[in-house]
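Here are the chains, one letter per residue:
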Amino acid sequence: MLMLCPAALVHAQQTPQAEPLSISQWQQKIIDTYKDLDRYKVHKTIKITQTIDAVSQHDQVDLDIALDRTNKQIMVQADRLRMVGKDKILRTQMVPASTSHLHMDNVDPLDPATIQKAWPMFPVWLWVPDLSLYLGTEVQLYIKSDDFKFSTRDTKLPASQIEFETQLGGLKMYLTVIKETGMIQKVLLLAKNQTPEGKPVTTEMDYDIKFSQPESWDAKTFAMDVTNSKPVQTVSQMIEDAQSPKALQGIDAPPVVLKTLKDNKTVDIAKLGSKVIVLDFWATWCGPCRRAMPELIEFDQWAKGNKLDVAVYTVNIEEEKQLVQQFVDQQNMTLPVLMDTDSKVTAAYRAYSIPQTVFIVDGKIQRIFQGFSPRVADEWRNVVNDALGVDPSTKP
């Protein structure tokens, strides 16, 4: 049993308990917290689950943001896009770096309308919820909304946190806020609608927000390398350049470090030592890829038969090992298969249309072939002839 001396008991009885904040006070506290932030750095992990007629699909988006209000600087880094604004210049570049970037002069990098123009297919997860509060956009009105109220959904929250719920358009939003600071730590967005066929669709976006207020910035935070990139004025120009594999011809080949299907060994093309390296991007579901494979096998045999300094690898795009192995067995494939399980190498080589066959000579991309035609192997041999001085008609 807890024992208190009379003096302590009197003190405990006289100590006033802090009154809990009202909804309107919480609304103002959250808004003021972000309005008063100067430096803000955050990493968001957004887990997305979409369920259509009881069948669920899962995805994840990782996003890094750095904001510096005093010096008007911003950096946003997603999987395929990087945006940097400073010195009244806002630049956006595809990742891996492409041959062009969006360049906007004499702008306020922290102006929401400017950011909207610089970020193609502007995703809701960039604004919601903290960035909109930091920049003071109208999106913050969901905090001021009459729908904003205490939530009883999560009954296992620690005492240091509190949860609210509100509406954002057609989305139901739950916010987990740190009581002491008013900072938002977790967000859950829920949306319900239907497919054109009338099947129920539920979308859930679960945000985990890790934030900090750095005393100083790393030199790389607000940097963007545009040495080999030309400035363009529109998002469409940047995307067109980024998706065109032809623009890669003549540049250093992006790194390729992948595991093999056969024995799970790592292959790093930079360490192969071959003068000519051939990468063929493919998938089992791709009809033209299947028709091109015998030609590629014959080309490989021609190179080996003539003892040419040529290394040929196929790159499978994001398929299950069992499915790929079944195809390899059926086709009696002798070519090594590299497994691009996350499509990062595929993106780096812009293999958006397959089959795509890339010829790398002395570390630089020499030629890129897309699609399949009956005479494409003759063109492959011509590339080798130009690189090695070999007669393409030579038989093994």
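This one's a predicted model, so the numbers in the text were calculated from it and none came from an experiment.

The rules we used
Residues numbered from 1 in each chain as written. Predicted model: local features only at pLDDT ≥ 70, side-chain atom pairs only at ≥ 80, totals over all residues. Heavy atoms only, no water. Pairing = 2+ DSSP bridges. Helix = DSSP H or I, 4+ residues; strand = E, 2+ residues; numbered from the N terminus. Contact = heavy atoms within 4.5 Å. Axes fitted to C-alpha atoms, helices over the stretch in contact; angles between N-to-C directions. Expected span 1.5 Å × (residues − 1). Buried < 20%, exposed > 50% of the residue type's maximum accessible area, 1.4 Å probe, protein only. Arc of directions from axis to C-beta. Salt bridge = Lys/Arg side-chain N within 4 Å of Asp/Glu carboxyl O. Polar contact = N/O pair within 3.5 Å; in protein donor to acceptor, adjacent residues only side chain to side chain. Disulfide = S-S within 2.5 Å.

Colleague: Summarise the sheet that holds strand E2 (residues 55-68); cite the residues concerned and give the values.
Modeller: An order of E7-E8-E9-E10-E11-E1-E2-E3-E4-E5-E6-E12 is seen for the twelve strands of this open sheet, with the pairing classed as mixed. In this open sheet, the two edge strands, each paired with only one partner strand, are strand E7 (149-150) and strand E12 (230-232). As defined by bridge partners, strand E1 (residues 39-52) adjoins strand E11 (residues 200-212) across twelve bridges and the pair is classed as antiparallel. The residue of E11 that forms the bridge with Ile48 is Met205. In the packing of helix H2 (residues 23-35) onto the sheet, the strands contacted are E1, E7, strand E8 (161-168), strand E9 (171-178) and strand E10 (184-194), and the crossing angle to E8 comes to about 90 degrees. Strands in contact with helix H7 (residues 235-243) are strand E4 (81-86), strand E5 (89-94), strand E6 (100-104) and E12; relative to E6, the strand with the most contacts, it is inclined by about 165 degrees.

Colleague: Any details on helix H11 (residues 376-388)? Residues and values, ideally.
Modeller: Taking 1.5 Å of rise per residue, the 13 residues of H11 would be expected to cover 18 Å, and the 19 Å separating its terminal C-alpha atoms lies within 8% of that figure. Those residues of H11 that fall on the buried side of the exposure criterion are Val376, Ala377, Trp380, Arg381, Val383 and Val384. Down the axis of H11, the sector holding all buried residues measures 150 degrees, keeping them to one side. Contacts from the buried residues of H11 go to helix H8 (287-305), strand E16 (310-317), strand E18 (356-361) and strand E19 (364-370). Positive phi appears at Gly389, one or two residues downstream of H11, with a value of about 70 degrees.

Colleague: Mind laying out the pattern of salt bridges, listing which residues take part and the relevant values?
Modeller: Per the stated rule, a full pass over the model turns up 16 salt bridges. In this structure, the salt-bridge partner of Glu165 is Lys149, at a minimum N-O distance of 3.9 Å. Taken as a pair, Glu165 in strand E8 and Lys149 in strand E7 lie far apart in primary sequence, 16 residues in all. A salt bridge links Lys186 to Asp208; the shortest N-O distance between them is 3.8 Å. Taken together, the residues Lys186 in strand E10 and Asp208 in strand E11 connect sequence positions 22 residues apart. In this structure Lys186 comes out as partly exposed when scored by relative accessible area, which is 33%. One salt-bridge network, held together by shared partners, links Lys186, Asp206, Asp208 and Lys210.

Colleague: Tell me about the environment of Glu319, residues and numbers included.
Modeller: Relative to the helices and strands, Glu319 is located in the loop between E16 and helix H9 (321-331). Judged by relative accessible area, Glu319 falls into the buried class, the value being 13%. Sequence-wise, Glu319 and Asp225 are 94 residues apart; in three dimensions their C-alpha atoms are separated by 33 Å. A polar side-chain atom of Glu319 sits 2.6 Å from a polar atom in the side chain of Thr284.

Colleague: Describe the state of the cysteines, with residues and values.
Modeller: One pass over the structure, following the stated rule, counts one disulfide. Linked covalently through their sulfurs, Cys286 and Cys289 form a disulfide whose S-S length is 2.4 Å. Here Cys286 and Cys289 share a disulfide; its torsion about the S-S bond, 80 degrees, makes the bridge right-handed. Assigned by exposure class, Cys286 and Cys289 land together as buried.

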